[in-house]
Amino acid sequence: MNEVLEIRNLTVHYGLGTRGVRAVRDVSLTLHRGEVLGLAGESGSGKSTLAYGVTRLLPPPGVITGGQVIYHPQNGEPFDVLKLTDRQLRAFRWARTAIVFQGAMNSLNPVHTVAAQLTDALTAHEPVLTRSQKAARVREVLDLVGISAERLGSYPHQLSGGMRQRVMIAMALVLRPEVVIMDEPTTALDVVMQRQILSQLVVLREQMGFSVVFITHDLSLLVEFSDRIAIMYGGRIVEQGPARDLYTDPLHPYSAGLLGSFPPLRGPRRELTGIPGSPPDLSAMPTGCSFHPRCPQAFDKCRSRLPVLGPPALATEEREVACWLHPGEQQGERQVLSMPR
Ligand code: ATP
Ligand code: SF4
């Protein structure tokens, strides 16, 4: 599978100088064409900051302080999204990537019909389309997300939460993007509805060929719907690999803890255990492995040395982990004795 988006050593701060905090720390991650990549981690682990950083939609005082985001278009030369001018960036966002934010379903314009909002997006970004072409595209995309043509004239308040969320997904897809980023798009919905929308998204991905980054704190949802999963803790990716491997054999104790925090949506019931303690304070990170104060398997080395993400010695090359229980042959190490910001 070839790559569509390559995040290299991305670092993001909120604020600079002594009061700044590093919310994303040296993250490298690749999204392949046509895949669903799940990004999981507790609240505050940096998932949204990573997504906003990649698309350069960070709200102030967020600032990208290092790294590259290489986009590989289907036709054309790769380029660094972080180097685009404002004008190039606007074109890139709409034509190639789409984001569905947390609570997006409440951001529909209450005084415009569903059809009008989708048509406006097309008018603004694909002005060459004729009126009938736009109408056809709007009907097609609503049909894809399971909303019938008779709803075209509805206003947002006339739709259920699930339907509004589907309209937001239709908004994201109407310009036929290559990458769709979904940041907890279904948390306001019940579990059955979340599942329905996610399974539909996977079907759409097959029909339309886009790639998806799906962000959630609920790992059990990802296990079912993603091809690959990356786990974030304290601003870093601590494990990544095929969804099935991560579910059956999590390598990082934090991944195992997250898996034990949610009931599986399918299969046998598991006892829920959760993770003791709370996520780290970004302005006073623990030395060494930042998970060590909460880790049931921590040992001396964990408290002073930072494990770097890399392939573990005995796993397939598709897996990566940052944990001293799984040192890789090529895995480097960095000694962190101070408290990095
Ligand atoms: P959630 O699941 O709650 O959305 P998340 O994993 O997406 O969490 P982020 O929202 O990316 O995490 O936040 C990462 C860290 O950055 C948090 O510790 C948060 O306190 C900090 N942060 C986020 N936004 C700001 C801001 N505007 N100013 C300062 N710090 C911020
Ligand atoms: Fe636990 Fe040590 Fe692995 Fe960190 S490096 S997750 S503290 S065993």
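The rules behind each value
- Residues numbered from 1 in each chain as written.
- Chains lettered and ligands numbered in written order.
- Predicted model: local features only at pLDDT ≥ 70, side-chain atom pairs only at ≥ 80, totals over all residues.
- Heavy atoms only, no water.
- Helix = DSSP H or I, 4+ residues; strand = E, 2+ residues; numbered from the N terminus.
- Buried < 20%, exposed > 50% of the residue type's maximum accessible area, 1.4 Å probe, protein only.
- Axes fitted to C-alpha atoms, helices over the stretch in contact; angles between N-to-C directions.
- Parallel < 35°, antiparallel > 145°, perpendicular 65-115°, else oblique.
- Left-handed = near helix turned anticlockwise from the far one by under 90°.
- Contact = heavy atoms within 4.5 Å.
- Nonpolar A, V, L, I, M, F, W, Y, C, P; charged D, E, K, R; others polar.
- Phe/Tyr/Trp six-rings, centres within 6.5 Å; stacked < 30°, edge-to-face > 60°.
- Near = heavy atom within 4 Å.
- Polar contact = N/O pair within 3.5 Å; in protein donor to acceptor, adjacent residues only side chain to side chain.
- Areas by Shrake-Rupley, 256 points an atom, 1.4 Å probe, with all protein chains shown as cover.
- Expected span 1.5 Å × (residues − 1).
- Pairing = 2+ DSSP bridges.

A. Structural view of unusual backbone geometry. A cis geometry characterises the amide bond from Pro60 onward to Pro61, with omega recorded as 10°. Residue Arg56 is not a glycine yet carries a positive backbone phi of 55°. Along the polypeptide, Arg56 turns up in the loop between helix H1 (47-54) and strand E4 (62-71). Residue classification places Arg56 among the partly exposed residues on the basis of a relative accessible area of 24%. Phi angles above zero are rare outside glycine, and Arg176 is one such case at about 50°. Topologically, Arg176 is positioned in the loop between helix H5 (161-173) and strand E7 (179-183).

B. Quick peek at the packing of helix H3 (residues 114-125) against helix H4 (residues 131-144). Direction vectors running N to C along H3 and H4 enclose 120°, while the axes themselves pass 10 Å from each other. On the basis of the axis angle, H3 is oblique to H4. For H3 against H4, the interelement crossing comes out right-handed. Counted together, Val114, Ala115, Leu118, Thr119, Leu122 and Thr123 of H3 and Lys134, Arg137, Val138, Val141 and Leu142 of H4 form the full contact between these two elements. Of the residues that constitute the contact of H3 with H4, the class distribution is seven nonpolar, two polar and two charged.

C. The arrangement of the packing of aromatic side chains in detail. Under the defined criterion, the tally for this structure stands at six aromatic pairs. With centroids separated by 5.1 Å and ring planes inclined at 80°, the aromatic side chains of Tyr233 and Phe291 adopt a geometry described as edge-to-face. Of this pair, Tyr233 sits in strand E9 (residues 228-233) while Phe291 is found in the loop between helix H9 (253-259) and helix H10 (300-304), placing the two residues 58 residues apart along the sequence. When sorted by exposure, Tyr233 lands in the same class as Phe291, which is buried. Note on Tyr254 and Phe291: the rings are 5.2 Å apart at their centroids and 65° apart in plane angle, and the pair reads as edge-to-face.

D. Geometry of the site of ligand 1. Around ligand 1 sit 14 residues in total, of which Ser43, Gly44, Lys47, Ser48 and Thr49 are the nearest. Ser43 is positioned with one of its side-chain polar atoms (N or O) 2.5 Å from an oxygen atom of ligand 1. Protein chains shield 65% of the accessible area of ligand 1, which is 630 Å² for the free molecule. Here the shell around ligand 1 takes three residues from H1, the largest share from any one element. In terms of residue class, the shell around ligand 1 is made up of four nonpolar, seven polar and three charged.

E. Geometry of H3. Between its terminal C-alpha atoms H3 stretches 17 Å, which fits the 16 Å expected from twelve residues at 1.5 Å a residue. Three or more residues of H3 are buried, namely Val114, Ala115, Gln117, Leu118, Ala121 and Leu122.

F. Representation of the pairing of strand E10 (residues 236-242) within the structure. Of all seven residues in E10, seven are buried; the element is thus mostly enclosed. Looking at chain direction, E9 and E10 are connected through six bridges and run antiparallel. Across the sheet, Met232 pairs through a bridge with Ile237, a residue of E10. Taken together, E9 and the strand that follows it, E10, pair antiparallel across an intervening segment of two residues, in which Gly234 is found at a positive phi of about 55°.

G. Spatial organisation of the pairing of strand E6 (residues 97-100). Residues of E6 alternate between two faces, with Thr97 and Ile99 on one and Ala98 and Val100 on the opposite face, all of them buried. The sheet contact formed by E6 and E7 spans four bridges and is parallel. By the bridge assignment for E7, Val100 is matched with Met182.

H. Representation of the site of ligand 2 within the structure. In the neighbourhood of ligand 2, 13 residues make up the surrounding shell, with Cys289, Cys295, Cys302, Cys323 and Trp324 lying closest. Here the residues of the shell around ligand 2 sort into ten nonpolar, three polar and no charged.

I. Focus on the side chain of Lys47. Tracing the chain through its elements places Lys47 in helix H1. Of the polar contacts made by the side chain of Lys47, one reaches the backbone oxygen of Glu42; its length is 3.2 Å. Not counting the four nearest positions on each side in its chain, Lys47 is found in contact with Leu39, Ala40, Gly41, Glu42, Glu184, Ile215, Thr216, His217 and Met232.

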